[in-house]
Amino acid sequence: MATVERDSDDTCPEQRPAVGAPKSYDGPSSPIPSMFLSLDNTPGKLFYPILVPDEPVRAMECERIFKQFKVSVNQEVDRGVRLINHYVRTMLLLATESPFRDVRQRFSDFLLWAREELGIVIPKPSAGPSTFFPRETVPSLDNTQAMVGQLMEEIFLIWGRVPHYMVVMGVHPSFLRVFHTAYEFIMRQTGPLPVIWRHFLALMAASRHRCHYLVWLHERLFLEADGPQEWLGGMDAVPKKLANLLQVNAVLAHQPWLMTREHIEGLVRGADSWSIGELVHAFVILSTFHALSDLVW
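Cut-off values and rules
- Residues numbered from 1 in each chain as written.
- Predicted model: local features only at pLDDT ≥ 70, side-chain atom pairs only at ≥ 80, totals over all residues.
- Heavy atoms only, no water.
- Helix = DSSP H or I, 4+ residues; strand = E, 2+ residues; numbered from the N terminus.
- Buried < 20%, exposed > 50% of the residue type's maximum accessible area, 1.4 Å probe, protein only.
- Contact = heavy atoms within 4.5 Å.
- Phe/Tyr/Trp six-rings, centres within 6.5 Å; stacked < 30°, edge-to-face > 60°.
- Lys NZ or Arg CZ within 6 Å of the ring centre and 35° of its normal.
- Core = buried A, V, L, I, M, F, W, Y, C linked by side-chain atoms within 4.5 Å.
- Patch = residues over 30% accessible without salt bridge, like charges linked within 9 Å, V, L, I, M, F, W, Y side chains within 5 Å.
- Areas by Shrake-Rupley, 256 points an atom, 1.4 Å probe, with all protein chains shown as cover.
- Salt bridge = Lys/Arg side-chain N within 4 Å of Asp/Glu carboxyl O.
- Expected span 1.5 Å × (residues − 1).
- Axes fitted to C-alpha atoms, helices over the stretch in contact; angles between N-to-C directions.
- Parallel < 35°, antiparallel > 145°, perpendicular 65-115°, else oblique.
- Nonpolar A, V, L, I, M, F, W, Y, C, P; charged D, E, K, R; others polar.
- Lys, Arg positive; Asp, Glu negative; His and termini not counted.
- Polar contact = N/O pair within 3.5 Å; in protein donor to acceptor, adjacent residues only side chain to side chain.
- Left-handed = near helix turned anticlockwise from the far one by under 90°.

*Asks:* Explain the overall build of the protein here, please?
*Replies:* Along the backbone of the protein there are twelve helices and zero strands. Shown N-terminal to C-terminal, the secondary structure of the protein runs as helices and strands in the order α-α-α-α-α-α-α-α-α-α-α-α. Buried residues in the protein amount to 51% of all 297 residues. In the protein, 72% of the contacts between residues at least 6 apart in sequence involve partners at least 24 apart.

*Asks:* Which parts of the structure should I look at to understand the packing of aromatic side chains?
*Replies:* For any pair of aromatic rings, the description consists of the separation of the ring centres together with the inter-plane angle of the planes. If you walk through the whole model with that rule in mind, you get 19 aromatic pairs. Ring geometry for phenylalanine 110 against tryptophan 113: centres 5.4 Å apart, planes inclined by 35°, an arrangement best described as tilted. Highlighted residues: phenylalanine 110 and tryptophan 113, both in helix α3 (residues 101–118), separated by three residues, approximately one helical turn. We classify tryptophan 113 as partly exposed; its relative accessible area is 23%. When the ring of tryptophan 197 is compared with that of tryptophan 274, the centres are 5.8 Å apart and the planes differ by 65°; the resulting orientation is edge-to-face. Taken together, the positions of tryptophan 197 in helix α7 (residues 195–208) and tryptophan 274 in the loop between α11 (261–268) and α12 (276–295) put the pair 77 residues apart, joining distant regions of the chain. For the pair tryptophan 197 and tryptophan 274, one class covers both residues: buried. An aromatic cluster is present here, built from Trp159, Tyr165, Phe175, Phe179, Tyr183, Tyr213, Trp216 and Phe289 joined pairwise through their rings. The ring of phenylalanine 100 has arginine 58 lying over it, and the distance from NZ or CZ to the ring centre is 4.0 Å.

*Asks:* Sorry if this is basic, but what is going on with the nonpolar core here?
*Replies:* Note that soluble globular proteins tend to have their nonpolar side chains buried in a common cluster. Counting residues in each nonpolar core, the largest one holds 78 residues, and the members touching the most others are Phe107, Tyr165 and Leu245. The leading source of residues in this core is α7, at nine residues.

*Asks:* Please explain a nonpolar patch on the surface as it appears in this structure.
*Replies:* Residues Ile276, Val280 and Val284 make up a contiguous nonpolar surface patch of roughly 260 Å² in combined accessible area. With respect to the element layout, isoleucine 276 can be found in helix α12. Since its relative accessible area comes to 56%, isoleucine 276 is described here as exposed.

*Asks:* Please clarify how α12 should be interpreted in this entry.
*Replies:* Along an α-helix, residues three or four positions apart point the same way, because every turn accommodates 3.6 residues. Between its first and last C-alpha atoms α12 spans 29 Å; for 20 residues at 1.5 Å apiece the expected length is 28 Å, and the two agree. Every buried residue of α12 is listed here: Glu278, Leu279, His281, Ala282, Phe283, Ile285, Leu286, Phe289, His290, Leu292 and Ser293.

*Asks:* Whenever I open this one, the packing of helix α6 (residues 173–187) against α7 confuses me. Can you help?
*Replies:* The description of two helices packed together rests on the angle between their axes and the distance between the axes. The geometry of α6 relative to α7 is characterised by a closest axis approach of 9 Å and an angle of 120° between their N-to-C directions. Regarding the angle of α6 to α7, the classification is oblique. Touching Phe185, Ile186 and Met187 of α6 are Val195, Arg198, His199 and Ala202, all from α7. The residue inventory of the contact of α6 with α7, partitioned by class, reads five nonpolar, one polar and one charged.

*Asks:* I keep staring at the pattern of salt bridges and nothing clicks. Help me out?
*Replies:* Any two side chains of opposite charge can pair, on the condition that their charged atoms come close. Under the defined criterion, the tally for this structure stands at seven salt bridges. Where arginine 106 meets aspartate 102, a salt bridge forms, and the shortest distance between an N and an O atom there is 3.1 Å. Of this pair, arginine 106 and aspartate 102 both sit in helix α3, four residues apart, which is roughly one turn of that helix. Residue classification places arginine 106 among the partly exposed residues on the basis of a relative accessible area of 22%. Look at aspartate 102 and you get buried, because its relative accessible area is 14%. With a shortest N-O distance of 2.8 Å, glutamate 278 and lysine 241 are connected by a salt bridge.

*Asks:* Could you clarify how one ought to interpret the side chain of glutamate 97 in this entry?
*Replies:* The topology assignment puts glutamate 97 in helix α2 (residues 77–97). Buried within the structure, glutamate 97 lacks any salt-bridge partner; arginine 161 is the closest side chain of opposite charge, at an N-O distance of 6.2 Å. Only 2.9 Å separates the side chain of glutamate 97 from the side chain of histidine 164, close enough to count as a polar contact.

*Asks:* It is not clear to me how the packing of helix α1 (residues 55–75) against α3 should be interpreted in this structure. Could you clarify?
*Replies:* The N-to-C vectors of α1 and α3 enclose an angle of 15°; their axes lie 10 Å apart at closest approach. With respect to their mutual orientation, α1 and α3 come out roughly parallel. With respect to the hand of their crossing, α1 and α3 are arranged in right-handed fashion. Contacts between α1 and α3 involve Glu55, Arg58, Ala59, Cys62, Glu63, Phe66, Phe69, Lys70 and Val73 from the former and Asp102, Val103, Arg106, Phe107, Phe110, Trp113 and Leu118 from the latter. Here the residues of the contact of α1 with α3 sort into ten nonpolar, no polar and six charged.

See the structure below:
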């Protein structure tokens, strides 16, 4: 069991920003909507434009983001400081955990400016990806192994972060490659279930094992995919079709050998029923995150 540290942008439950999988981006010519620089929006969305492989484009987008912050500070200092504080943990993640050195340097420089010029308190970064594995035994950000470095960059460009459990998996690059391919297939690629349902199913599975890291991470990804905030308040707020999986989720998590034909029939018949394709997809997600919860703790 690998104890995984929270990422650098982790906050207490009452202050959790949602950061996660980027949606489609039209390219560097697309302006960042001004509504993204807001205290009401999830912080991760502001940084989608830097999730590109080309360094010149990343540089241009970083400067445009920083300019927006500085303009906001110049217009009204108090509001500008509040905005930077709203996004500061996400920027700390980018400054300390991006696999791209240019991204780390640019965000480190901006945070230094914010601290020295505005007196903003920068949170302490994560101590490392795991409390079980010594830091020197897991892949570094500037990894010299071609496969590991490429994988870390691919994951970052998709999700805007490299989750700590994937960093630990980088000890075995061939396994990480297979896991990443499978993860992408069930969580992002074409399938019968909406993306927000996939992340909610991951939440349900991780919750059975009280795996706080995965719950925290997929809350962010769920909200980042525009999942309804009220769903996170309790199962009474979610669609009944999803809520019907509660019993099956418990059985799969703790006593999968007790799964019966009747469990399946109860889900594919009657009101709020599942199609076979939807149910297979849901079971694959639940089983994946039950297993992952045993690895990540």
